[in-house]
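The primary structure of each chain is shown beneath.
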Amino acid sequence: MNEVLITADLVIAGPANQLTVDGAVLIESGVVAAVGTAAELEASVDTQVPRLRCPGATVLPGMMDCHVHLAFDAGSDPVSAVTNADPGELSTAMAKRAQQLLAAGVTTVRDLGDRDGLTVALRSSIDSGATLGPRIVAATAPLTSHGGHCGFLGGEVTTDDDIRAQIAHNAAIGADVIKVMASGGALTPNGPRMWEAQFTPRQLRLIVDEAALHGLGVAAHAHGTETIGHCVAAGVRTIEHCSWRTAEGIVYDPTITQQIVDNNVSVCRCVSGDWQLFLEQMGPERAKAMAALIQEMRGAGVQFIAGTDAGVPGARFGDYVGMLEFFSSLGFEHTEILDMATVNAARALGLDDVGVLVPGMRADLVVVDGNPLTELGVLRQIRHVFTAGRLVTR
Ligand SMILES: [Zn+2]
């Protein structure tokens, strides 16, 4: 289907306050050719062009998951699973996970850590049309310290030369972004604690500068309060997790938040679909404290982007809307949440051809039953998904 005119009760062109009631979107050769009212476009578009009429539905830009790990299986021990997997079988599993995301309306994913460049191979296969899947922005192996968080993915570095060589390697195999494990993480047995720094401020600057030489931005995994500050000062583009941990517990620093805002750094908080269980495990006091910090950052003007960390234990692929509902539970407006998932995500990932539906943009869009501005849960009721103008779900 080269051309199609989609009509629906509502078109959210994006940002989410840009609406057309009884709207229409014309797709031509993989891009958005026109957006307007159904009456206008029905009248002006050639009658030979196929119509896809969607009463009761909303058309919106394809959603984006800014933090996934296609190589991880979301089981209780992803480290062994990914380390022991046969590359062929792992590739097949990754393609299947990518398809689950696409079926859930996620038309772009940023993969922030895999092994052996498998995500790049999957990206090529999807781009060529051989495999169905979302557009992939790939980090390949994250830079980490020796024995550090996710070192089993192959990105351990110690010296400055190691750092340069690993970034050059990732760039050479086709990475779209450089990921650094700036602090410890929960996954890795015997690795540094989550609040502990894995790199010095000087090394973080080297990583950002070296990535820039290859034309790449940096996404930084940072739980530690001090590390978050060092990453922002170094010039990373996104902070992943941003959970403000120290040896003494949670310590929030509003001056660092101000730098995040001033430097235009986006924050991907990484919340899995079953966040309610996670909050229960945290206990009411800590959960309340975490919610308060997210509110504090929101109030300061931090730009959040949507990410699930799909693949880590308990973060299932395709359970995307649950993450959006977490932000709703904190009082975020639905328009804000849709922007986190679309236009703001695109900006943070440096993609200028997706995130909104205006003429000339890539035709990545989703049709859902109902109106997500009144009921976020309708984003689970996917009627159609288009990726680069190709209809993949009916
Ligand atoms: Zn992650």
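Parameters and conventions
- Residues numbered from 1 in each chain as written.
- Predicted model: local features only at pLDDT ≥ 70, side-chain atom pairs only at ≥ 80, totals over all residues.
- Heavy atoms only, no water.
- Helix = DSSP H or I, 4+ residues; strand = E, 2+ residues; numbered from the N terminus.
- Rg over C-alpha atoms; globule rule 2.2 N^0.38 Å.
- Buried < 20%, exposed > 50% of the residue type's maximum accessible area, 1.4 Å probe, protein only.
- Contact = heavy atoms within 4.5 Å.
- Areas by Shrake-Rupley, 256 points an atom, 1.4 Å probe, with all protein chains shown as cover.
- Lys, Arg positive; Asp, Glu negative; His and termini not counted.
- Charge placed at Lys NZ, Arg CZ, Asp CG, Glu CD.
- Salt bridge = Lys/Arg side-chain N within 4 Å of Asp/Glu carboxyl O.
- Donors = N, O, S within 2.8 Å, 3.2 Å for Na, K, Ca; no water.
- Expected span 1.5 Å × (residues − 1).
- Arc of directions from axis to C-beta.
- Domains from an automatic or database assignment.
- Buried area = accessible area lost by both parts, 1.4 Å probe.
- Polar contact = N/O pair within 3.5 Å; in protein donor to acceptor, adjacent residues only side chain to side chain.

**Focus: the overall build of the chain**
Thought 1: Scanning the chain from N- to C-terminus turns up 13 helices and 16 strands.
Thought 2: By the compact-globule yardstick of 21 Å for 394 residues, the chain fits well, its C-alpha radius of gyration being 21 Å.
Thought 3: By its C-alpha atoms, the chain is 65 × 45 × 35 Å across when sized along the principal axes.
Thought 4: Across the 394 residues that make up the chain, the buried fraction comes to 58%.
Thought 5: At a minimum sequence separation of 6, the contacts of the chain that also span at least 24 residues come to 70%.
Thought 6: Of the roughly 15,300 Å² of accessible surface on the chain, a fraction of 50% belongs to carbon and sulfur atoms.
Thought 7: Looking at the chain, you have 26 positive and 44 negative side-chain charges, and the mean spots of the two groups are 1 Å apart.

**Section: the pattern of salt bridges**
Thought 1: Counted according to the given criterion, the structure contains 14 salt bridges.
Thought 2: As a salt-bridge pair, D319 and R316 come within 3.1 Å of each other at their nearest N and O atoms.
Thought 3: Residue classification places D319 among the buried positions, given a relative accessible area of 17%.
Thought 4: Salt bridges sharing partners connect three or more residues here, namely E42, R51 and R53.

**Some details on the coordination of the zinc ion**
Thought 1: Those protein atoms acting as donors to the zinc ion are H67 (NE2), H69 (NE2) and D309 (OD), and they sit at 2.0 to 2.3 Å.
Thought 2: Expressed as a motif, the donor residue spacing for the zinc ion is H-x1-H-x239-D.
Thought 3: Overall, the relative accessible area of 3% leaves H69 in the buried class.

**Observations regarding helix α3 (residues 87-103)**
Thought 1: Over its 17 residues, α3 extends 24 Å from the first C-alpha to the last, a length consistent with the 24 Å expected when each residue adds 1.5 Å.
Thought 2: Among all positions in α3, only L90, M94, A95, R97, A98, L101 and L102 are buried. Buried positions in α3, seen along its axis, are confined to an arc of 165° and lie on one side of it. In this structure, α3 carries E89, T92 and K96 as exposed residues pointing more than 90 degrees from its buried face.
Thought 3: Remark: G105 follows α3 within two positions and exhibits a positive phi of approximately 90°.

**Focus on the domain arrangement of the chain**
Thought 1: The assigned domain composition of the chain is domain 1 (3-61 + 355-393) and domain 2 (63-348).
Thought 2: Here the C-alpha centroids of domain 1 and domain 2 sit 30 Å apart.
Thought 3: Taken together, the 26 residues of domain 1 in the interface contact 24 residues of domain 2.
Thought 4: Summing both sides of the interface, domain 1 and domain 2 together bury roughly 2,000 Å²; the carbon and sulfur share of this comes to 68%.
Thought 5: Together, L376, L379 and R380 form the three largest contributors to the area buried by domain 1 at its contact with domain 2, with a combined 27%.
Thought 6: One can count one salt bridge joining domain 1 with domain 2.
Thought 7: The closest approach of N and O atoms between E325 and R380, which form a salt bridge, is 2.8 Å.
Thought 8: For the pair domain 1 and domain 2, the number of links is six residue pairs in polar contact (both at pLDDT 80 or more).
Thought 9: When contributions to the side of domain 1 that touches domain 2 are tallied by element, the ones reaching two or more residues are β4 (51-61), β15 (382-387) and β16 (390-393).

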